[in-house]
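Here's the letter readout for the chains.
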There are 2 protein chains.
Amino acid sequence: VKLRCPKCGWESPSKTTFQCPACAAVLEAVVEIGRLSKPQLTEIRQRTEQTVWRWFEFFPVEERSAIVSLGEGYTPLLQPSSLAARLGISRLYVKNDTVLPTGSLKDRSNTVGISKAKELGYKTAAVVSTGNAAASVAGYAAAAGLKSIVMVPEGTSPSKIVQAGAYGATVVVVKGDFEEAARLYKAALKEFGWYDCLSTNPYRNEGKKSYAYELFDQLSGRVPDWIIHPTAGGTGIYAMWKGYNELLTLGWVDRLPRLIAAQSEAAAPIVAAVHRGLSDIEPVVARDTVAESIQVGYPKSMGGRALEAIRASHGTAVALADDEILEAQSLLARLGGIFAEPAGAVSVAAAKKLQEQGIIAPGDLVVCTITGHGLKQPDAVKISDEELRPVPANLGALRKRLELKGK
Amino acid sequence: VKLRCPKCGWESPSKTTFQCPACAAVLEAVVEIGRLSKPQLTEIRQRTEQTVWRWFEFFPVEERSAIVSLGEGYTPLLQPSSLAARLGISRLYVKNDTVLPTGSLKDRSNTVGISKAKELGYKTAAVVSTGNAAASVAGYAAAAGLKSIVMVPEGTSPSKIVQAGAYGATVVVVKGDFEEAARLYKAALKEFGWYDCLSTNPYRNEGKKSYAYELFDQLSGRVPDWIIHPTAGGTGIYAMWKGYNELLTLGWVDRLPRLIAAQSEAAAPIVAAVHRGLSDIEPVVARDTVAESIQVGYPKSMGGRALEAIRASHGTAVALADDEILEAQSLLARLGGIFAEPAGAVSVAAAKKLQEQGIIAPGDLVVCTITGHGLKQPDAVKISDEELRPVPANLGALRKRLELKGK
């Protein structure tokens, strides 16, 4: 496994240098898959492992003994028929990543990233985050026997800190906003030599390639017409594209999916770049949104590469308003039985919108990734006062209450 | 599939009568597995399905088209080595049911129960509960296109209602305590003809047999020496025992596991019955406990059958104090990377205690089921005020903060 600059081609002589000294670009992990052939595909598909590690050869980890796994991956790929009918997309699939071990898609990144940390001999893993990444890094670090440091900005609600704290992370609340916390984080990485679990780490960025392999397996080799992914930093889109291109290079698939980045209107720099034909991402000021987990104004590390992937795939990007996102969250739960956080359901909102706009055709094979558990952000669900009002314990009162609901 | 009284042998002529008119016992589903043979085992094990439905023939659902699945089952069976070392049990496995679709083991029951509801033509599924069962019934009903009614006692915290509400359940808060809500529920079942999703339903009780089949698969045919299960109503223990006995009858295994019911000291009627040699469960008044999901004082429907299973398996039962339960929750998260609600980690507390008492030997193969997600009850995790105090955004302040934590 080498680390190479995607801009200038420089190859790092070190396994722990993550950035190009000339271009400042995040390096890319180069995994040798050239040796793999058709018979090896058969061998891989016969493995009983139902985790991302079934595809071990595709990840930048040298020794199987370094693997830190909590059983992540091979999440359900469901066909919710009522939801499909409502959206007018007959071949609609949802990939339910809410059931990953710590409750979000970040586990795909961190099983690879933390395994590599173990292989490289690090003792402490770190991240700056206000949500899912913090919990995931803490969970995998715990499983690996590493310490973890989670930095969050002041004002982060204690409920978001709970999960990382439960796994034993050292949580550091930093005075100031997210930008200030991030600046201190970068300085601390250098100062203390922690292992970086942000998307500035080329190894962890490989983890989401697992989407491509799993969809390939779960769709029996068929390639979706569209994959829609809730997008903040852009690593998911970038990695799916890399994964599918590996399968194409090997001759295991004969076409590629079109990729769609779904963002909140309140933080949609990738959508802006796609629609304005920009060559790179321009930062925006992220406003508040119900889609908290994807509230990122400047996806500096990987946004540009996500943009390239979207263009190369003939895909697109779409921004959703909060009410569209909450409606999608509700449809997914009420018609599909999947309880996602609002950010996790943005892909469903995007599918609805793009079908209505005629960009997605009714017969297209569409996969929406669902990226975070509803219990991560329970406040997003509103229960009416009427619903919470106690009724007397008799059948007459119960009947009245049910009739009220029926209206 | 027939329904038969386990006490008097009466066979119900109806598929929707759940109780014996003479004995008042909950009937038992009799699934015809006699026809299955060794070659069929090979066939089952070659199925690619990674859900409980891989074992379709073992469940009381006649037609595959009735199946309502959210991809439940085949949850990770992990070997957390640091936790194993701490507990002094070298062959320790944990079965992580926190990653089931609605976040608890209830999904094993409800995928079977709600599939049967669909097959039988019901329109509305109901349950009385304050926690995991409500969310699970609501989630599966949503996926099935059924209405759901969830009744909860007054005083139930709104956060517990959120998940069921998100799936579209009609939540009815009943004035009074749980017993009063349960009385109204029973009356309402009769009055409105809802489908009953409590353990008074023989079909849903079959769902947890899936533990036996999955462990058989995941342990490559080996049978654990001990299975430890957080226990409230007793269906889990009962169903595991039934599942393993089916495998024994078919000759697919040659021995049976010893079963251990783990309860909270605050609600331990099964422990009392085991240790006092009672022939049936005597009700206790359940006190408050951190293990909210297993706070049941009188497991009337299935407790007696769990007791029989424990005795027949040469197993035992153990009661844990709240501090032991919280310690186990913390060990599981910090050493194993699994975040469970306190009730979900009671099995780990029991493993520790029984190893210390010499009942579990250091080399025994032990499986602890982990039955509910930590995000179901985030308040159980305490974060110190010190940890929440913001630090100035500079390296000097950060260093001080980290040193403080280091002490």
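Conventions and cut-offs
- Residues numbered from 1 in each chain as written.
- Chains lettered and ligands numbered in written order.
- Predicted model: local features only at pLDDT ≥ 70, side-chain atom pairs only at ≥ 80, totals over all residues.
- Heavy atoms only, no water.
- Helix = DSSP H or I, 4+ residues; strand = E, 2+ residues; numbered from the N terminus.
- Rg over C-alpha atoms; globule rule 2.2 N^0.38 Å.
- Buried < 20%, exposed > 50% of the residue type's maximum accessible area, 1.4 Å probe, protein only.
- Contact = heavy atoms within 4.5 Å.
- Areas by Shrake-Rupley, 256 points an atom, 1.4 Å probe, with all protein chains shown as cover.
- Lys, Arg positive; Asp, Glu negative; His and termini not counted.
- Charge placed at Lys NZ, Arg CZ, Asp CG, Glu CD.
- Pairing = 2+ DSSP bridges.
- Right-handed = clockwise from strand over helix to strand, strands pointing away.
- Least-squares fit on C-alpha atoms with pLDDT ≥ 70 in both.
- Salt bridge = Lys/Arg side-chain N within 4 Å of Asp/Glu carboxyl O.
- Polar contact = N/O pair within 3.5 Å; in protein donor to acceptor, adjacent residues only side chain to side chain.
- Domains from an automatic or database assignment.
- Buried area = accessible area lost by both parts, 1.4 Å probe.
- Core = buried A, V, L, I, M, F, W, Y, C linked by side-chain atoms within 4.5 Å.
- Nonpolar A, V, L, I, M, F, W, Y, C, P; charged D, E, K, R; others polar.
- Phe/Tyr/Trp six-rings, centres within 6.5 Å; stacked < 30°, edge-to-face > 60°.

Let's shift gears to the overall build of chain A. A tally of regular secondary structure across chain A gives 15 helices and twelve strands. Rg of the C-alpha trace for chain A: 21 Å, near the compact-globule value of 22 Å for 407 residues, within the 12% margin. The burial tally for chain A puts 62% of its 407 residues in the buried class. Taking all contacts inside chain A whose residues are at least 6 apart in sequence as the whole, residues at least 24 apart take part in 68%. In the structure as shown, chain A presents an accessible area of about 14,900 Å², 50% of it carried by carbon and sulfur atoms. In chain A, 47 side chains carry a positive charge and 42 a negative one; their mean positions are 2 Å apart.

A few words on the pairing of strand 9 (residues 226-230) of chain B. Residues and elements named next belong to chain B. Of all the five residues making up strand 9, five are buried; the element is thus mostly covered by neighbouring parts of the structure. Burial of strand 9 is two-sided: the residues Trp226, Ile228 and Pro230 facing one way and the residues Ile227 and His229 facing the other way are all buried. Inspection of the sheet shows strand 9 paired to strand 10 (residues 258-264) by five bridges, in the parallel sense. The partner of isoleucine 228 across the bridge, within strand 10, is isoleucine 260. Between the parallel pair strand 9 and strand 10, the chain is carried across by helix 9 (residues 235-249), and the sense of this crossover is right-handed. Of the pairings in the sheet, the one linking strand 9 to strand 12 (residues 365-370) comprises three bridges and is parallel in character. Across the sheet, residue tryptophan 226 finds its bridge partner in strand 12, namely valine 366.

Our next topic: the sheet that holds strand 12 (residues 365-370) of chain A. Strands belonging to one sheet form pairs held by backbone hydrogen bonds; the direction of such a pair is parallel or antiparallel. Residue and element names in this part refer to chain A. Strand order in the open sheet formed by six strands is 3-4-12-9-10-11, with mixed pairing between adjacent strands. Looking along the sheet, the strands with just one partner apiece sit at the ends: strand 3 (77-78) and strand 11 (316-320). Pairing between strand 3 and strand 4 (residues 91-96): two bridges, direction antiparallel. The partner of leucine 77 across the bridge, within strand 4, is lysine 95.

This paragraph deals with the relation of the copies chain A and chain B. After a rotation of 180 degrees and a shift along the axis of 0.0 Å, chain A superposes on chain B with an RMSD of 0.0 Å. On this basis, the relationship between the two copies can be described by a two-fold rotation axis. Among all residues of chain A, the one whose C-alpha sits closest to the rotation axis is A:Val99, at a distance of 2.5 Å. A high fraction, 100%, of the interface residues of chain A reappear at the interface in chain B, so the copies pair face to face through one surface.

Residue and element names in this part refer to chain B. With respect to the helices, strands and loops of the structure, lysine 376 is situated in the loop between strand 12 and helix 14 (385-388). There is no salt bridge for the buried lysine 376, and the closest opposite charge comes from glutamate 341, which lies 6.9 Å off by N-O distance. There is a polar contact of 3.0 Å between the side chain of lysine 376 and the backbone oxygen of threonine 102. Separated by 3.0 Å, the side chains of lysine 376 and glutamine 163 make a polar contact.

On to helix 13 (residues 346-356) of chain B. Across the eleven residues of helix 13 of chain B, nine count as buried, placing the element largely inside the fold. Packed against the buried residues of helix 13 of chain B are helix 2 (81-87), strand 9, strand 10, strand 11 (316-320), helix 12 (322-336) and strand 12 of chain B.

All names here are of chain A. Under the domain assignment used here, chain A contains domain 1 (1-30), domain 2 (77-103 + 204-380) and domain 3 (123-193). Measuring from the centre of the C-alpha atoms in domain 2 to the corresponding centre in domain 3 gives 26 Å. Listed per partner, the contact involves six residues of domain 2 and eight residues of domain 3. Buried surface at the junction of domain 2 and domain 3, both sides included, amounts to about 590 Å², of which 34% is carbon and sulfur. Looking at the side of domain 2 facing domain 3, the largest losses of area belong to Thr102, Glu292 and Lys376, adding up to 73% of the total buried there.

For the rest of this paragraph, the subject is the nonpolar core. Grouped together as the largest cluster of nonpolar side chains are 152 residues, with contacts concentrated most on A:Ile228, A:Leu332, A:Cys368, B:Ile228, B:Leu332 and B:Cys368. Setting aside chain neighbours within four positions, we find B:Cys368 in contact with B:Leu92, B:Tyr93, B:Val94, B:Lys95, B:Ile228, B:Ser347, B:Val348 and B:Ala351.

Moving on, we come to the environment of B:Ser82. One can find B:Ser82 in helix 2. Measuring from C-alpha to C-alpha, the distance between B:Ser82 and B:Leu335 comes to 5.7 Å, with 253 residues separating the pair along the chain.

Moving on: the sheet that holds strand 7 (residues 170-174) of chain A. Read from one edge of the open sheet, four strands run 7-6-5-8 (chain A), paired in parallel fashion. Across the chains shown, the open sheet's two edge strands, defined by having one partner strand only, are strand 7 and strand 8 (195-196) of chain A.

Each partner contributes to the interface: chain A provides 64 residues, whereas chain B provides 64 residues. Carbon and sulfur atoms supply 70% of the area that chain A and chain B bury against each other, a total of about 5,500 Å² over both sides. It is A:Val162, A:Leu375 and A:Leu395 in chain A that bury the most area against chain B; as a group they hold 10% of the surface buried on that side. The interface formed by chain A and chain B holds two salt bridges in total. A:Glu191 is the salt-bridge partner of B:Arg399, the closest N and O atoms lying 2.3 Å from each other. Our count for the chain A to chain B interface comes out at ten residue pairs in polar contact (both at pLDDT 80 or more). Elements with a minimum of two residues in the side of chain A that touches chain B: helix 4 (132-144), strand 6 (147-153), helix 5 (158-166), strand 7, helix 6 (178-192), helix 12 (322-336), helix 14 (385-388) and helix 15 (395-406) of chain A. Taken together, the residues of the side of chain A that touches chain B break down into 41 nonpolar, twelve polar and eleven charged.

All names here are of chain B. Per the stated rule, a full pass over the model turns up 28 aromatic pairs over all chains. Centre to centre, the rings of phenylalanine 59 and tyrosine 213 are 5.9 Å apart; their planes meet at 70 degrees, and the pair counts as edge-to-face. Within this pair, whereas phenylalanine 59 is found in the loop between helix 1 (38-46) and strand 3 (77-78), its partner tyrosine 213 is found in helix 8 (residues 210-218), the two being separated by 154 residues in sequence. The two residues phenylalanine 59 and tyrosine 213 agree in class, both being buried.

We now examine the side chain of B:Asp97. All names here are of chain B. For aspartate 97, the position within the fold is in the loop between strand 4 (91-96) and helix 3 (106-120). In this structure aspartate 97 comes out as buried when scored by relative accessible area, which is 0%. At 2.6 Å, the side chain of aspartate 97 forms a polar contact with the side chain of tyrosine 211. With residues near it in sequence (within four places) discarded, aspartate 97 still touches Thr75, Gly103, Ser104, Leu105, Arg108, Tyr211, Ile370 and Thr371.

In this structure, A:Tyr74 is a non-glycine residue whose phi angle is positive, near 50 degrees. By secondary structure assignment, the location of A:Tyr74 is in the loop between helix 1 (38-46) and strand 3. For A:Tyr74, a relative accessible area of 13% translates into the label buried. In the Ramachandran plot, B:Ala24 falls in the positive-phi region, its phi being about 70 degrees despite a non-glycine side chain.

Before going further, it helps to spend a moment on the pairing of strand 10 (residues 258-264) of chain A. Residue and element names in this part refer to chain A. The buried fraction of strand 10 is high, at six of seven residues. Judged from the five bridges that link them, strand 10 and strand 11 form a sheet pairing that is parallel. In the sheet register, alanine 262 faces strand 11, and the bridge partner there is valine 318.

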